[in-house]
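The chain contents come next:
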Amino acid sequence: MDWGALHTILGGVNKHSTSIGKIWLTVLFIFRIMILVVAAETVWGDEQDDFVCNTLQPGCKNVCYDHFFPISHIRLWALQLIFVSTPALLVAMHVAYRRHEKKRQFRKGDQKCEFKDIEEIRKQRFRIEGPLWWTYTSSIFFRLVFEAVFMYAFYFMYDGFRMPRLMKCNAWPCPNTVDCFVSRPTEKTVFTIFMIAVSSICILLNVAEFCYLLAKFFLRRSKNAGNSKQQPNHENKEETKQNEMNELISDSCQNTVIGFTS
Amino acid sequence: MNWAGLYTVLSGVNRHSTAIGRIWLSVIFIFRIMVLVVAAESVWGDEKSAFTCNTQQPGCNSVCYDHFFPISHIRLWALQLILVTTPALLVAMHVAYQQHQEKKLLVLTGHADAKHMEEVKKHKMRIAGSLWWTYVCSVVFRLLFEAVFMYIFYMLYPGYQMMRLVKCEAYPCPNTVDCFISRPTEKTIFTVFMLVTSSVCIILNMAELVYLVVRACARRSQHHSNPSSAKGSFYGHKHSSEYKQNEINQLLTEQDGSLKDMLRRNSGLQEKGDRCSAC
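Remember, it's a predicted structure, so these values are computed and weren't measured experimentally. (Residues numbered from 1 in each chain as written. Chains lettered and ligands numbered in written order. Predicted model: local features only at pLDDT ≥ 70, side-chain atom pairs only at ≥ 80, totals over all residues. Heavy atoms only, no water.)

**With respect to a nonpolar patch on the surface**
Which entries qualify depends on this criterion: Like-charged residues are merged into a patch within 9 Å and nonpolar side chains (Val, Leu, Ile, Met, Phe, Trp, Tyr) within 5 Å, provided each residue has over 30% relative accessible area and no salt bridge. Surface accessibility in these figures is a Shrake-Rupley result with a 1.4 Å probe; residues are shielded only by whichever protein chains are displayed. Throughout this description, the term salt bridge denotes a Lys or Arg side-chain nitrogen within 4 Å of a carboxyl oxygen of Asp or Glu. Numbering of helices and strands runs from the N terminus; a helix is a DSSP stretch of H or I covering at least four residues, while a strand is a stretch of E covering at least two. In this scheme, a residue with accessible area under 20% of its type's maximum is buried, one over 50% is exposed, and one in between is partly exposed, where area comes from a 1.4 Å probe on protein chains only.
Taken together, A:I23, B:L90, B:M93, B:F141, B:L144, B:V148 and B:I152 make up a surface patch of nonpolar side chains, about 550 Å² in accessible area. Going through the elements one at a time, α5 (88–108) and α7 (130–156) of chain B are the ones with two or more residues in the nonpolar patch. Among the elements that take part in the nonpolar patch, α7(B) stands out by supplying four residues, more than any other. Tracing the backbone through its elements, the reader meets B:M93 in helix α5. Judged by relative accessible area, which is 40%, B:M93 ranks as partly exposed.

Put into structure tokens, the structure is as follows:
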């Protein structure tokens, strides 16, 4: 079970996300997980071996390293990425539950079920409305909370986002205040700032998605309130359908449509 | 998620690229990413452990290494490659959006069977209209990122050459000490190689940009010389209502007689046989 497996699991959720959700997932995998795996892990690879203190006292280096780095950046980022990507599984579980219900209906031979076979049920994409809307919005809310909590934890543990070159340590058994030198501090600062920046972008994307879902909810509610006053009109429906078609054709015709229909 | 994962993501985009775009993608993956993974990473693998300073002072090694190598070449190249390949995803997203629109249209016209849906997924999008702009933006971003990283490299490591010896006097080094870098010649060779492939990629991107612009201009002049095309500019005629209605009529004639009758009843417009002249 590694990042590749997480990618497989979350790829399935992608189908039921909004466009902003899909962009968020891409940013997560390419700019955070991939950077963590191909670059950041090597920078922090020798963090303890190359942590050097100006003393020959055995044990002083270990104690000082433990004092300044209670949990390594790499492990914190790995935890953050796992926690932040997991709420999407709530949505996956809800979708799986609805599919299961539809399959049960289909097998019972229920007349209301509009699908022709099991494959169609498996491939169907659910609209984000009703209880699924609530599940989706909760998952975004949890993502935001986890991102914020981890950013605060980083700031709190490492006093800002900069890695100092030199730390002064006087924990026992160090004989007095000794100088300890961190390996590759500038490179670590660069990557810390990069990961913080991408984390902020992900927070912005989540906030945007949250606002988009709220707006869609209120819009749908006002449309329903408006529609219930009118009489359902057969001609109105045909005209609406024709308008939608005309719009789609004028948007896409310069690229492809005529080509493949002939 | 590693380089193989990125390859999977980007190979999908390949289908909607121009020929130069495909060559560029191959150069990126074979001459840059693969060289980085199989060769460069082992050359720079012991960069810190084999960085030796002529002193016993603890900490002097670390501090001098950090002073001369604020960020390692390998990480810079990894960031550069990730940022340079990512604009292609803009194109992939736009193509996915257009395919979604086409599928919606198929559903509305009642042709939502498996064969047509498969055709939508498989057929190649022409780089025209808004997709042309997205594609050009992605090429411009690629060029920008390449140029920015080459400049950063030049700023951090002037001359692109790796020194054999550097002199360091940062605290806690007691005075000016000599520090020796591991494998400087091999590092110089690989730096020059990556620089050359980066320049080749820049040239390919510029060629692709020129090709796209020339193609768009050729298409535009073809419109102006074609008498049956609609009046107005390349953008103006796309929005004229006559042009739109022609396209709708064309599509409906080809597909479903009953829909055509419904259209006639609702709007009373004549059918015309013009083909889509923007294609």
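Having seen it, we continue.
**A closer look at helix α2 (residues 19–43) of chain A**
Filter applied, for reference: One less than the residue count of a helix, multiplied by 1.5 Å, gives the span that helix is expected to have. Bend is computed residue by residue as the angle between axes fitted to the seven residues ending at the residue and the seven residues starting at it.
A rise of 1.5 Å per residue sets the reference length of α2(A), with its 25 residues, at 36 Å; its end C-alpha atoms lie 34 Å apart and thus fit the reference within 8%. By the largest-angle criterion, A:L36 marks the main kink of α2(A), which is about 50°.

**Some remarks on the side chain of B:E47**
Rules: What qualifies as a polar contact is a pair of N or O atoms within 3.5 Å, subject to a donor-acceptor requirement within protein and to the restriction that residues adjacent in sequence count only when both atoms come from side chains. We call two residues in contact whenever any of their non-hydrogen atoms come within 4.5 Å of each other.
Counting through the fold element by element, B:E47 comes out in the loop between α2 (19–43) and β1 (52–53). Residue classification places B:E47 among the buried positions, given a relative accessible area of 6%. Within the structure, B:E47 has its side chain in polar contact with the side chain of A:R184 (distance 3.4 Å). Those residues in contact with B:E47, other than ones at most four positions away along the chain, are A:R184, B:Y65, B:S72, B:R75, B:S182 and B:K187.

**A short note on the pattern of salt bridges**
Overall, the coordinates contain 17 salt bridges over all chains when judged by the stated rule. Put simply, A:R75 and A:E47 hold a salt bridge, and the shortest N to O gap is 3.3 Å. Taken together, the positions of A:R75 in helix α4 (residues 73–85) and A:E47 in the loop between α2 and β1 (52–53) put the pair 28 residues apart, joining distant regions of the chain. Exposure remark for A:R75: the relative accessible area of 47% places this residue in the partly exposed category. Classification of A:E47 as buried rests on a relative accessible area of 7%. A salt bridge links B:K48 to A:D50, with the nearest nitrogen and oxygen atoms 3.1 Å apart.

**Comments concerning the UniProt feature "domain: Connexin cysteine-rich" (unreviewed entry) in chain B**
We apply this condition: UniProt positions are given in the numbering used here, feature names are shortened, and annotations may be inferred rather than shown by experiment.
Per the UniProt entry, the sites bearing "domain: Connexin cysteine-rich" (unreviewed entry) are residues 145–212 of chain B in this numbering. From the first C-alpha to the last, residues 145–212 of chain B spans 20 Å; its make-up is 60% helix and 12% strand.

**A short note on the layout of surface pockets**
Short version of the rule: Points on a 1 Å grid over protein atoms alone make up a cavity when a 1.4 Å probe fits among them but cannot get out, and a pocket when they form an open set with protein on both sides within 12 Å along at least five of seven lines; lining residues each have an atom within 4 Å of a point. Grid points are joined across faces, edges and corners, and a volume is the space filled by probe spheres set on the points. The residue classification treats Ala, Val, Leu, Ile, Met, Phe, Trp, Tyr, Cys and Pro as nonpolar and Asp, Glu, Lys and Arg as charged. All others, Gly included, are polar.
As a volume, the second largest pocket reaches approximately 430 Å³. In terms of lining, the second largest pocket is formed by 18 residues, of which the most central are A:I23, A:V27, A:F31, A:I201 and B:T86. Contributions of two or more residues to the lining of the second largest pocket are made by α2 and α8 (185–227) of chain A together with α5 and α7 of chain B. Its residues placed into classes, the lining of the second largest pocket shows 16 nonpolar, two polar and no charged.

**A look at the packing of aromatic side chains**
Operational definition: Two aromatic rings, drawn from Phe, Tyr or Trp (for Trp, its six-membered ring), form a pair once their centres lie within 6.5 Å of each other, and the interplanar angle then sorts them: stacked below 30 degrees, edge-to-face above 60, tilted otherwise. Placement of a positive charge over a ring is assigned whenever Lys NZ or Arg CZ falls within 6 Å of the ring centre and within 35 degrees of the normal to the ring plane.
Within this structure, the stated rule accounts for 26 aromatic pairs over all chains. Seen in terms of ring centroids, A:F83 and A:F150 are 5.9 Å apart; in terms of plane orientation they differ by 40°. Their pairing is tilted. Placement of A:F83 in helix α4 and of A:F150 in helix α7 (residues 131–157) is noted, with a sequence separation of 67 residues between them. Given the relative accessible area of 38%, A:F83 is considered partly exposed. On the basis of relative accessibility, which here comes to 11%, the residue A:F150 falls in the buried class. One aromatic cluster in this structure is built from A:W44, A:F51, A:Y65, A:F69, A:W77, A:F154 and A:Y158. In this structure, A:R143 packs its charged tip against the face of A:W24, placed 3.9 Å from the ring centre. We note B:R142 situated over the ring of B:W24; from NZ or CZ to the ring centre the distance is 3.9 Å.

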